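Observations on the model geometry
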Amino acid sequence: MTLGTDIAQKLSEVVDTDIRIMHVCGTHEAAIAKYGVRSVIPPQMKIVMGPGCPVCITPQGEIDAACELAERGCIVCTYGDLLRVPGSKTSLEHVKGDVRIVQGITKAVEIARQNPDKEVVFISVGFETTVPTVAATLITNPPENFSILVSHRLVPPAMKWLMEQGEADLHGFILPGHVCAVMGYHEYEQFKVPQVVAGFEPEDILLALLMLAEQIKNGEAKVENAYPRVVTYEGNVKAQNLMKEVFTPSDVEWRGFPVIPESGLALKPEFEAYDAQKKFDLVYEKITKKDGCICDRVLRGLADPSDCKLFGKACTPRVPVGPCMVSHEGACRIWYQYQQKR
Amino acid sequence: MCIAVPAEILEIRDGNVALVDYGELQQEVRIDLVDVKVGEFVLVHVGFAIQRLSREEGLETRELFKEVYKAMEEADHA
């Protein structure tokens, strides 16, 4: 990692005050932990995690609704990452019913075609990276026995909320490379704070940190792109247009957050027939947890996984208490995995 | 969840489907979201090509994800 060493060296020359940078992407946390990026940056620079894992920020009420669908006899199709996330009573792993792991929505539609006498519901989580795949599928007229539980979330409204709170005391953001591959990065210009789009090689992340540190030192606040191999200013316009055709923004709750305006998506009226929440009259219960888990604070950049008294003891990837220990992109799971190895 | 893996387009089939090569594995993916030709690299996420890539980026990034996946699988079986 010669290039990385050069960037790390430059970084130590530029950083002369305490700075806190947030990333909002679980894949970034995985790369940062795997390559030990935190160990090569100056001690004054701290990288904190934000709400960047779609599985982790799905509220318990939505997990409960997915479990209820399985109990009511639907075939529930889900990404494997969501399986062990605890709802208030059970998880998709333990619920009695037909729950199947799929790699994506295409497989779920196939299952619906193979089982015309059954209702098949796809648990549709994911940020802007994933949403166009769902939109592209719904415009191709999936069968009537197919529907989706819409649990999508959008990144910029959550960043806006975090900045308005000011609680995490942030100096800049690493922007999510694959969300920006689809959306471009023009949306982020509304935020008057240093932001850099980053890829997922250790050098990409170090370069983004250096660009952020230079902006902070020079008193600038702009959006820069350290991942031009993949990300353009406009993004994938075809994918964006499909999203707009099928979905409209809606106000939704995030796990660990209150309702954030326009941070979720709802199906437009023409596609309502595919809305499992309406089809099955599901009500999302608001769950207030009291198990000592601090996932909410981790998702807001206020605490590290190791600050939690359950971490690695009562809460492990095998028996997770909170969602951040479940997903491959959850901060607790990633920290557990790499600390175990060290 | 936002993991996306580079792959090369080997063959374009009917119905917005392409056969792609990840290096060791070939798979059909949907190409509804991109306009691509055989020989080009794409970024694949949950069974869909979500963006086109340069060939160099495709090959480089593929190595990284192989390592990350391997680490995840080891952790799953630990």
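Scroll up to find the structure this text is about.
A short tour of the structure in this document, coming up. The structure presented is a predicted model; accordingly, all values stated were derived computationally and were not measured.

1. Quick notes on the environment of Phe48 of chain B
Considering the arrangement of structural elements, one finds Phe48 of chain B in strand E5 (residues 48-53). By relative accessible area, Phe48 of chain B is classed as buried at 0%. C-alpha of Phe48 of chain B to C-alpha of Val29 of chain B: the two residues are 19 residues apart in sequence and 5.4 Å apart in space. Excluding residues that lie within four positions of it along the chain, Phe48 of chain B makes contacts with Ile105, Thr106, Thr133, Ala136 and Thr137 of chain A together with Arg30, Asp32, Leu33 and Leu43 of chain B.

2. Things to note about the pattern of salt bridges
All names here are of chain A. The full count for this structure, using the stated rule, is 21 salt bridges over all chains. Residues Glu214 and Lys10 are paired through a salt bridge, measuring 3.2 Å at the closest nitrogen-oxygen approach. Here the residue Glu214 occupies a position in helix H9 (residues 202-217), and Lys10 occupies one in helix H1 (residues 2-14), the gap between them amounting to 204 residues. By relative accessible area, which is 36% here, Lys10 ends up partly exposed. Lys278 is the partner of Asp275 in a salt bridge, and the nearest nitrogen-oxygen pair spans 3.6 Å.

3. Overview of the sheet that holds strand E4 (residues 98-101) of chain A
Residues and elements named next belong to chain A. If you walk across this open sheet you meet the four strands as E4-E3-E5-E6, and the pairing is parallel. Of all the strands in the sheet, the pair left with one neighbour each is E4 and strand E6 (146-152). Along the sheet, successive strands turn relative to each other by an average axial angle of 25 degrees, direction set aside. As judged from the three bridges shared by strand E3 (residues 75-78) and strand E5 (residues 120-126), these two strands associate in the parallel manner. Pairing of Cys77 across the sheet is with Phe122, part of E5. The strands touched by helix H6 (residues 131-138) within the sheet are E5 and E6, with E6 carrying the most contacts at an inclination of about 155 degrees.

4. A short note on the sheet that holds strand E2 (residues 45-49) of chain A
Residues and elements named next belong to chain A. Pairing is parallel in the open sheet, where five strands are placed in the order E2-E1-E7-E8-E9. Of all the strands in the sheet, just E2 and strand E9 (223-225) have a single pairing partner and so form its edges. The sheet shows a mean angle of 25 degrees between the axes of neighbouring strands, direction not considered. The pairing of strand E1 (residues 19-23) with strand E7 (residues 172-176) spans three bridges and is parallel. For His23, the partnering residue across the bridge sits in E7 and is Ile174. Against the sheet, helix H7 (residues 155-165) makes contact with E1, E7 and strand E8 (195-198), and its axis sits at roughly 165 degrees relative to E7, the strand it touches most. The sheet contacts of H9 involve E1, E2, E7, E8 and E9, and relative to E8 the element is tilted by about 170 degrees.

About the criteria used
Residues numbered from 1 in each chain as written. Chains lettered and ligands numbered in written order. Predicted model: local features only at pLDDT ≥ 70, side-chain atom pairs only at ≥ 80, totals over all residues. Heavy atoms only, no water. Helix = DSSP H or I, 4+ residues; strand = E, 2+ residues; numbered from the N terminus. Buried < 20%, exposed > 50% of the residue type's maximum accessible area, 1.4 Å probe, protein only. Contact = heavy atoms within 4.5 Å. Salt bridge = Lys/Arg side-chain N within 4 Å of Asp/Glu carboxyl O. Pairing = 2+ DSSP bridges. Axes fitted to C-alpha atoms, helices over the stretch in contact; angles between N-to-C directions.

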